[in-house]
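# Tertiary structure, described
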Amino acid sequence: MYNTYLDYAATTPVDDEVLEVMLPYFNQKFGNPSSVHRHGQQAEGAVESARESIASLLECEPVEIIFTSGGSESDNLAIRGTALARRSRMNANRVLITPVEHEAVGRTARQLQDLYGFKLEYIPVDNFGVVKLPDFKKMLAGDVAIVSAIYGNNEIGTINPINEIGQICSEMGIPFHTDAVQAMGYVEIKAKGHFDLLSAGAHKFYGPKGVGLLYKNRNLKIFPTQTGGAQEMGLRAGTHNVPYIIGIAAALVKTRRDFEKLQSQYAAHRDRIITGIINRIEGATLTGHPISRLNNHASFVINGIDGNQLVMALDIAGYSCSSGSACKTGNPEPSEVLLALGIAPDNAKGSLRVTVGRDTTDEQITKFLEDIPEIISRLKAQ
Ligand SMILES: *Cc1c(COP(=O)(O)O)cnc(C)c1O
């Protein structure tokens, strides 16, 4: 059946060129990078040149890039690894995050509170999900172990003022982590001076699932969260997933090809979707920031409908979208991210996320905007 994929924030397909450079590392160049012999050296060489090409894009040093199994693991290592190290070295006990984080950050911070005795505090955000800088500044006195603020929001698309937040933290000597899993590939990201830790995951930018990276400022000491062998500067034990590491580097390099052209294509599609939905659907409002938002990301709440039902109805009509909330079918809880923006629980249940990608066409969007009003009226009539 004809189907239009409009859920690129959930995942992207692996780019053909990326797949091609990965393949030899499964069966031909299969060595373990930790082995001394030539097979090992060949694999190690490939891993290190992947690390170098990522470092040169992020303008950092190769030793500052740690390969992980994905965005979630990078978030875990950054937050738990920093919190535990800072408590052991200087008794720092407070963990500061925003209320609009991905659960990989939110639940990690909550576990630090519930099981490890850290004090979890939420940084105030405005109705768009942007950190309120003056309020944030006031929270920083005292024993802060780590600050974490999402770069580009997966649910509402908002881009935070990461450089300003990082500047404030660095003046106070407090480690700052940002979850850039959704932002990587859509924002030009440079490490130096802006943050101490940054998470990214390849499958959000046309690389394979199950591989990610953590940028870590080389002067920041953290503890490993997965112990064992000495791989990844002793911070992430386990035999390197060589083909996937080749894949994340190739995918990241490719995000810079035709960067401006692609970003304006995404933004044009996004803006047609935003205007189209707001104009055609009664009771629809944009969630997240109207201007400071990811180029490929449109998100809404629609009064009087259930987001999960809408996503299922859209699927039957041939469109893969998301409700943008963590709720699964049968779980009627509204998203905590939307509640944190001050959206009423009943309205928050009617969330819709439409995210575009490289293969999205003008025709697909025209058809989507033609079809959606009737799908929504049918749902409302039920
Ligand atoms: C997808 C995503 C994650 C999780 O990344 P995985 O690689 O799927 O583990 C974390 N944070 C944000 C903002 C995301 O969009």
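The paragraphs below set out a description of the structure included in this document. (Residues numbered from 1 in each chain as written. Predicted model: local features only at pLDDT ≥ 70, side-chain atom pairs only at ≥ 80, totals over all residues. Heavy atoms only, no water.)

As a further point, take the overall build of the protein. Of the regular secondary structure elements, the protein holds 13 helices and 12 strands. For the C-alpha atoms alone, the extent of the protein along its principal axes is close to 65 × 55 × 35 Å. A burial count over the protein gives 55% of its 382 residues as buried. When contacts within the protein are restricted to residue pairs at least 6 apart in sequence, long-range pairs at least 24 apart make up 74% of them. Accessible surface for the protein amounts to roughly 16,200 Å². Of this, 51% is attributable to carbon and sulfur atoms. Here the protein carries 37 positive and 42 negative side-chain charges, and the mean point of each set is 4 Å from the other. (Helix = DSSP H or I, 4+ residues; strand = E, 2+ residues; numbered from the N terminus. Buried < 20%, exposed > 50% of the residue type's maximum accessible area, 1.4 Å probe, protein only. Contact = heavy atoms within 4.5 Å. Areas by Shrake-Rupley, 256 points an atom, 1.4 Å probe, with all protein chains shown as cover. Lys, Arg positive; Asp, Glu negative; His and termini not counted. Charge placed at Lys NZ, Arg CZ, Asp CG, Glu CD.)

Spatially, S9-S10-S12 is the arrangement adopted by the three strands of the open sheet, whose pairing is antiparallel. Two strands bound the open sheet, and with one partner strand each, they are strand S9 (284–286) and strand S12 (351–355). Across this sheet, the average inter-strand angle for adjacent strands is 30°, counted without regard to direction. (Pairing = 2+ DSSP bridges. Axes fitted to C-alpha atoms, helices over the stretch in contact; angles between N-to-C directions.)

Locating Ser351 in the fold gives a position in strand S12. Classification of Ser351 as buried rests on a relative accessible area of 4%. Measuring from C-alpha to C-alpha, the distance between Ser351 and Pro175 comes to 34 Å, with 176 residues separating the pair along the chain. Looking at Ser351, its side chain comes within polar contact range of the main-chain oxygen of Ser323, at 2.6 Å. (Polar contact = N/O pair within 3.5 Å; in protein donor to acceptor, adjacent residues only side chain to side chain.)

What follows deals with the nonpolar core. Membership of the largest hydrophobic core comes to 92 residues, with the highest contact counts inside it found for Val147, Ile189, Ile277, Leu352 and Phe368. The element that contributes the greatest number of residues to this core is helix H3 (residues 38–58), accounting for eight residues. For Ile277, the contacting residues outside a window of four places in its chain are Ala284, Phe300, Leu352, Phe368, Leu369 and Ile372. Formed by 20 residues, the second largest nonpolar core is a distinct cluster that contains Ala92, Val95, Ile146 and Ile222. (Core = buried A, V, L, I, M, F, W, Y, C linked by side-chain atoms within 4.5 Å.)

A few words now on the site of the ligand. The local shell around the ligand consists of Gly70, Gly71, Ser72, Asp75, His102, Ile150, Asn154, Asp179, Val181, Gln182, His203 and Lys204. In this structure, Asp179 approaches the ligand through a side-chain N or O atom, which is 2.7 Å from a nitrogen atom. Relative to its unbound accessible area of 380 Å², the ligand is 87% covered by the protein chains. Broken down by element, the shell around the ligand gets its largest block of residues, three residues, from helix H4 (residues 71–90). (Near = heavy atom within 4 Å.)

By themselves, these observations are geometric and do not establish any function.
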